[in-house]
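What follows is each chain in one-letter form.
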Amino acid sequence: SHSTPGRGVLRKASGEAYRIDQDSFAEAKNSELLCRVRKNMLAGEETPDVCGRCIHEEKMGLRSRRVLENEKNYFSEEAARMQTSPNGSLADFRASLRVLDLRFGNICNLRCRMCWPGASSAWYAEWFETRHRGFADGEEKHRLLRASDGRVHLENNFYDWPKNERLWGELRACAPLLRELHFSGGEPLLIEEHFELLQELVDAKLAPGIILDYNTNLTLLPDRLLSLWAEFKRVTIGVSIDGFGEVNDYIRAPSQFSRIEANLRKLDASPDNIQAWITTTVQALNIFYFTDLLHWLITSGFRKLNGIGIEGGRNFFISAHALASPAHLGVKILPREGKAAVENRFTDFIVWHQNYLSTLELPQETKDRRALTVKSCLDGYRNLMHSEDRTDLVPEFWQEMRASDEYRGQDIHRTLPLLAHYISPNPLANPNVRSPPRRDAHPAGV
């Protein structure tokens with residue numbers, strides 16, 4: 001709902017937004033918005049003003065967040081009807097709380113191109129020097145300042161809520177009924193309070209009944225974390241990678257793909273209660289190179305990453321989702337010729353994948369399922385790409401790319417030549433633009 005006009009903000013009767021650092025879980029869970037959503041769910045009705053992203057993605061043939069969450073089956077409709085009042089409120093929110101999604105502020109070590117200071121503290125200096133002296137996060141307005149030592153910081157740090165002791169008291173009260181904890185950030189593996197929470201769950205002997213789920217950039221993987229993970233029922237890790245090699249490092253600076261790959265190998269050799277997969281934000285910056293990433297993943301010989309080596313595993317393939325914002329980085333900004341070139345690469349890859357599957361000693365049913373999964377994924381992004389023409393955003397795209405390229409010492413024409421060729425208003429004017437590859441070139445580009 002964060003990408004819809006109301007941004008999914010929970011509000012009091014006065015119209016004031018609930019704040020995690022000031023208000024209780026119990027109050028927020030019975031906000032007007034959540035009560036309305038519950039009533040609609042039990043009536044079998046949509047809530048399009050907040051569920052628009054999932055509705056749109058499903059129309060494009062993509063697997064939305066709500067589809068993925070419903071597959072967990074932690075909470076039955078029968079239990080929901082028993083615990084929900086006619087007006088949609090809950091008498092005890094803890095009774096229905098099975099999954100807790102904790103976004104640990106904005107502490108992060110990467111400046112992803114599609115990100116911003118509200119989600120990554122690593123953006124502060126670049127934002128301050130190339131964009132604005134502040135930013136807005138919903139209704140919150142934040143001012144950036146430069147300290148005497150040259151560091152750029154927030155005037156008032158709204159994002160340090162993990163240090164709020166009252167909040168942790170509420171979390172501890174919820175813990176006995178939890179079946180899954182989701183962590184993201186920022187970068188959750190940088191947050192000390194996250195380690196403390198895991199240790200508390202282990203000490204309370206609750207860990208064997210809880211699944212941990214992560215979104216992480218996996219630029220670091222501390223040994224003490226692997227030791228803690230061994231105590232939990234299962235640990236599922238979505239590793240954010242948006243391209244193969246230097247494509248990923250361009251989008252997610254200052255990441256180093258080689259270091260991330262080494263940590264992936266470490267996860268791939270970890271105990272069987274730990275399962276990892278790659279999550280990719282599909283956007284204009286990587287749409288031409290998406291199949292390169294798929295080729296690397298499929299042929300890299302991982303034992304269990306994305307379930308490739310686990311027969312029957314539901315996550316044998318990449319977990320991709322479409323970029324919702326900023327719009328100037330969405331796949332819809334490509335001109336018609338660029339979209340056609342992407343389609344050609346998708347078609348070539350589907351053919352390559354089918355030929356590759358024919359070389360594997362797998363049941364035909366498994367091969368067919370994998371072939372269909374790859375094709376369905378690429379078809380969904382093809383449909384999304386063609387669903388709207390947003391070439392009006394191309395000037396904004398170039399303004400943002402040039403600002404970051406200059407600040408970071410990167411060059412989109414060198415690293416993403418296909419994209420630069422097709423999206424540039426005048427590609428022949430730049431001598432660094434290479435000609436697009438022939439249609440009979442290797443589909444994976446490697």
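Quick note: structure is the one above.
Residues numbered from 1 in each chain as written. Predicted model: local features only at pLDDT ≥ 70, side-chain atom pairs only at ≥ 80, totals over all residues. Heavy atoms only, no water.

Before going further, it helps to examine the sheet that holds strand β2 (residues 134-137). If you walk across this open sheet you meet the 3 strands as β2-β3-β4, and the pairing is antiparallel. Bordering the open sheet on either side are β2 and β4 (152-154), each of which pairs with just one other strand. Between one strand and the next, the sheet's axes are offset by a mean angle of 30°, whatever the strand orientation. Here 3 bridges tie strand β3 (residues 140-146) to β4, and the two strands are oriented antiparallel to one another. The residue of β4 that forms the bridge with L145 is H153. (Pairing = 2+ DSSP bridges. Helix = DSSP H or I, 4+ residues; strand = E, 2+ residues; numbered from the N terminus. Axes fitted to C-alpha atoms, helices over the stretch in contact; angles between N-to-C directions.)

Here the residue pair G185 and G186 is connected by a cis peptide bond, since its omega of 10° sits within 30 degrees of zero. Cis geometry is found at the peptide bond from A253 to P254, where omega equals 0°. Within the secondary structure layout, P254 lies in the loop between α11 (246-251) and α12 (257-268).

Taking strand neighbours across the sheet as the criterion, the 6 strands line up as β1-β5-β6-β7-β8-β9 in an open arrangement whose pairing is parallel. Pairing within the sheet leaves two strands with one partner each, and these edge strands are β1 (99-103) and β9 (319-322). Going across the sheet, the axis of each strand differs from the next one's by a mean of 20°, ignoring polarity. Sheet strands in contact with helix α9 (residues 192-203) are β1, β5 (180-184) and β6 (211-216), and its direction is about 165° off that of β5. (Contact = heavy atoms within 4.5 Å.)

As a further point, take the environment of H386. You can see H386 is positioned in helix α15 (residues 364-386). The exposure class of H386 is partly exposed, given its relative accessible area of 41%. Residues H386 and A340, 46 residues apart in the sequence, show an inter-C-alpha distance of 9.6 Å. Discounting residues that sit within four places of it in the chain, H386 has contacts with K339 and E343. (Buried < 20%, exposed > 50% of the residue type's maximum accessible area, 1.4 Å probe, protein only.)

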